[in-house]
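Below, each chain spelled out in residue letters.
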Number of protein chains: 2
Amino acid sequence: MATSSEAEAVLFDLVDLYDRAYQAAAAELSLSSAQACLLGRLDERRGMGALADELGCDASNITQIVVRLEALGLVTRERDPRDRRARLVARTPRGDEINRRFAAAFTFARTTVGRLSPHEQDQLTALLRKALG
Amino acid sequence: MATSSEAEAVLFDLVDLYDRAYQAAAAELSLSSAQACLLGRLDERRGMGALADELGCDASNITQIVVRLEALGLVTRERDPRDRRARLVARTPRGDEINRRFAAAFTFARTTVGRLSPHEQDQLTALLRKALG
DNA sequence: TATTGTTATACTCTATAACTATA
DNA sequence: TATAGTTATAGAGTATAACAATA
């Protein structure tokens, strides 16, 4: 591992725990992490290309995930009337419901931040913003 | 997304960037994240079950990853003389070399923490430790 | 009988390359 | 000709269930 300093080691633990909690919350709703993540990006409907950019992966990958979510009845894929090559992905009412339940199930970030006082939360935010450059 | 507060949103960004950087560093060495991660756990040789516990996944999964690392010449799998059911996984010299190069390539945590003063690094460590409970 | 690990199988994530439809 | 997305294909991660060898 590349974690020589204390701070680096704590960062590693944080990321590890965060990822596991995210996956566990998704699993409670029988979703993969990738499915839950994509579903969470659909507060506004979006094209496939935009989703690929946001999630940092190939468009063909997005197609696969969206096809599965569509089969589960959680999203729809409509032709964009202004550009008939494009497709707009949107959550169905059931997709909204599942997304809400995922947000409720993923307590890690809330719980973690909630252990700090408001002042400490501000400190943490400032430090991480500076660290992220 | 379940990130209502500022602090939660920054945590999300941090985890996202960390994961991407980890994967990119592994890819530089033609490894998957899981392979790089497992390789990093072998400073001491370990049994398959111990690895499964540490990585939080099924033993059959570890078998797959180890078989691939073995095929790449990065680890060996020897019978434990004290319990012939068990197998001890260890890095080869080439595995050591690749692991060093991965640690050098994964600069994210170092760079990120390095943007903070020593005092700020201590603050961050203390805040995250408290937050993680 | 219980434990360690493997094998068989199946599903998902992911990328690359070739393709279709539209612009 | 260029762009948005899909399809075909392949490699890897992951889990479950059934299995072998050893304790």
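Going by an unreviewed UniProt entry, chain A carries the name DNA-binding transcriptional regulator, MarR family and comes from Micromonospora coxensis.

Caption draft 1: Quick look at the protein's contact with DNA strand C. Taken together, 23 residues surround DNA strand C, and among them A:Ser32, A:Asp58, B:Thr63, B:Arg77 and B:Arg85 come closest. Restricting the count to atoms of DNA strand C within 4 Å of the protein gives a sugar and phosphate share of 67%. With respect to DNA strand C, the side chain of A:Arg85 contributes an N or O atom lying 3.5 Å from a base oxygen. Within the surface near DNA strand C, the residues separate by chemical class into five nonpolar, ten polar and eight charged.

Caption draft 2: A look at the nonpolar core. In this structure, A:Tyr18, A:Leu31, A:Leu38, B:Tyr18, B:Leu31, B:Leu38 and B:Phe106 are the most contacted members of the largest nonpolar core, which totals 80 residues. Sort the elements by how many residues they give to this core and helix α1 (residues 6-28) of chain B lands first, with eleven residues.

Caption draft 3: Geometry of the protein's contact with DNA strand D. Near DNA strand D, the surroundings consist of 23 residues, among which A:Gly49, A:Thr63, A:Arg77, B:Ser32 and B:Arg68 are the closest. Among the atoms of DNA strand D close to the protein, meaning within 4 Å, 66% are from sugar or phosphate groups. A distance of 3.1 Å separates a phosphate oxygen of DNA strand D from a polar atom in the backbone of A:Met48. With five residues, the single largest contributor to the surface near DNA strand D is helix α4 (residues 59-71) of chain B. Classifying every residue of the surface near DNA strand D gives five nonpolar, ten polar and eight charged.

Caption draft 4: Quick peek at the sheet that holds strand β3 (residues 83-91) of chain A. Residue and element names in this part refer to chain A. If you trace the three strands from one edge of the open sheet to the other, you get β1-β3-β2, paired in antiparallel fashion. Two strands lie at the open edges of the sheet, namely β1 (46-47) and β2 (75-80), each paired on one side alone. Across six bridges, the pairing between β2 and β3 is antiparallel. Across the sheet, residue Thr76 finds its bridge partner in β3, namely Ala90.

Caption draft 5: Layout of the packing of helix α2 (residues 33-40) of chain A against helix α4 (residues 59-71) of chain A. All names here are of chain A. Axis separation between α2 and α4 bottoms out at 10 Å; the angle between their running directions is 85°. One element, α2, and the other, α4, form an angle in the roughly perpendicular class. Across the interface between the two elements, Ala34, Gln35 and Leu38 from α2 touch Ile62, Ile65, Val66, Arg68 and Leu69 from α4. The residue makeup of the contact of α2 with α4, split by class, is six nonpolar, one polar and one charged.

Caption draft 6: Just the relation of the copies chain B and chain A, in detail. Rotating chain B by 180° and moving it 0.0 Å along the rotation axis overlays it on chain A with an RMSD of 0.1 Å. Those values place the two copies in the arrangement expected of a two-fold rotation axis. When C-alpha positions in chain B are compared against the rotation axis, the closest is assigned to B:Val15, at 2.7 Å. When you check the interface residues of chain B against chain A, 100% turn up at the interface there too, and the contact is symmetric in its surfaces.

Caption draft 7: Examining the interface of chain B and chain A more closely. Each partner contributes residues to the interface: chain B has 44 residues there, and chain A has 44 residues. Summing the contributions of chain B and of chain A, the shared interface buries around 4400 Å²; its carbon and sulfur component is 70%. The tally of links between chain B and chain A comes to four salt bridges. In terms of residue count, α1(B) provides more of the side of chain B that touches chain A than any other element does, 14 residues in total. Classifying every residue of the side of chain B that touches chain A gives 24 nonpolar, eight polar and twelve charged.

Caption draft 8: Examining the side chain of B:Thr125 more closely. By the element assignment, B:Thr125 lies in helix α7 (residues 118-132). A distance of 2.9 Å separates the side chain of B:Thr125 from the backbone oxygen of B:Gln121, its partner in a polar contact. Beyond its immediate stretch of four places on either side in the chain, B:Thr125 contacts A:Glu6, A:Ala7 and A:Val10.

Caption draft 9: Seen up close, α4(A). Residues and elements named next belong to chain A. Taking 1.5 Å per residue, 13 residues should reach 18 Å; α4 reaches 18 Å between its end C-alpha atoms and fits that length. Within the span of α4, buried status applies to Ile62, Ile65, Val66 and Leu69. Angularly, the buried residues of α4 cover 100° about the axis, an arc narrow enough to put them on a single face. As for α4, its buried residues are in contact with α2, α3 (48-55), β2 and β3. Residue Gly73 follows α4 closely and has a positive phi angle near 80°.

What counts, and at which threshold
Residues numbered from 1 in each chain as written. Chains lettered and ligands numbered in written order. Predicted model: local features only at pLDDT ≥ 70, side-chain atom pairs only at ≥ 80, totals over all residues. Heavy atoms only, no water. Near = heavy atom within 4 Å. Polar contact = N/O pair within 3.5 Å; in protein donor to acceptor, adjacent residues only side chain to side chain. Nonpolar A, V, L, I, M, F, W, Y, C, P; charged D, E, K, R; others polar. Core = buried A, V, L, I, M, F, W, Y, C linked by side-chain atoms within 4.5 Å. Buried < 20%, exposed > 50% of the residue type's maximum accessible area, 1.4 Å probe, protein only. Helix = DSSP H or I, 4+ residues; strand = E, 2+ residues; numbered from the N terminus. Pairing = 2+ DSSP bridges. Axes fitted to C-alpha atoms, helices over the stretch in contact; angles between N-to-C directions. Parallel < 35°, antiparallel > 145°, perpendicular 65-115°, else oblique. Contact = heavy atoms within 4.5 Å. Least-squares fit on C-alpha atoms with pLDDT ≥ 70 in both. Buried area = accessible area lost by both parts, 1.4 Å probe. Salt bridge = Lys/Arg side-chain N within 4 Å of Asp/Glu carboxyl O. Expected span 1.5 Å × (residues − 1). Arc of directions from axis to C-beta.

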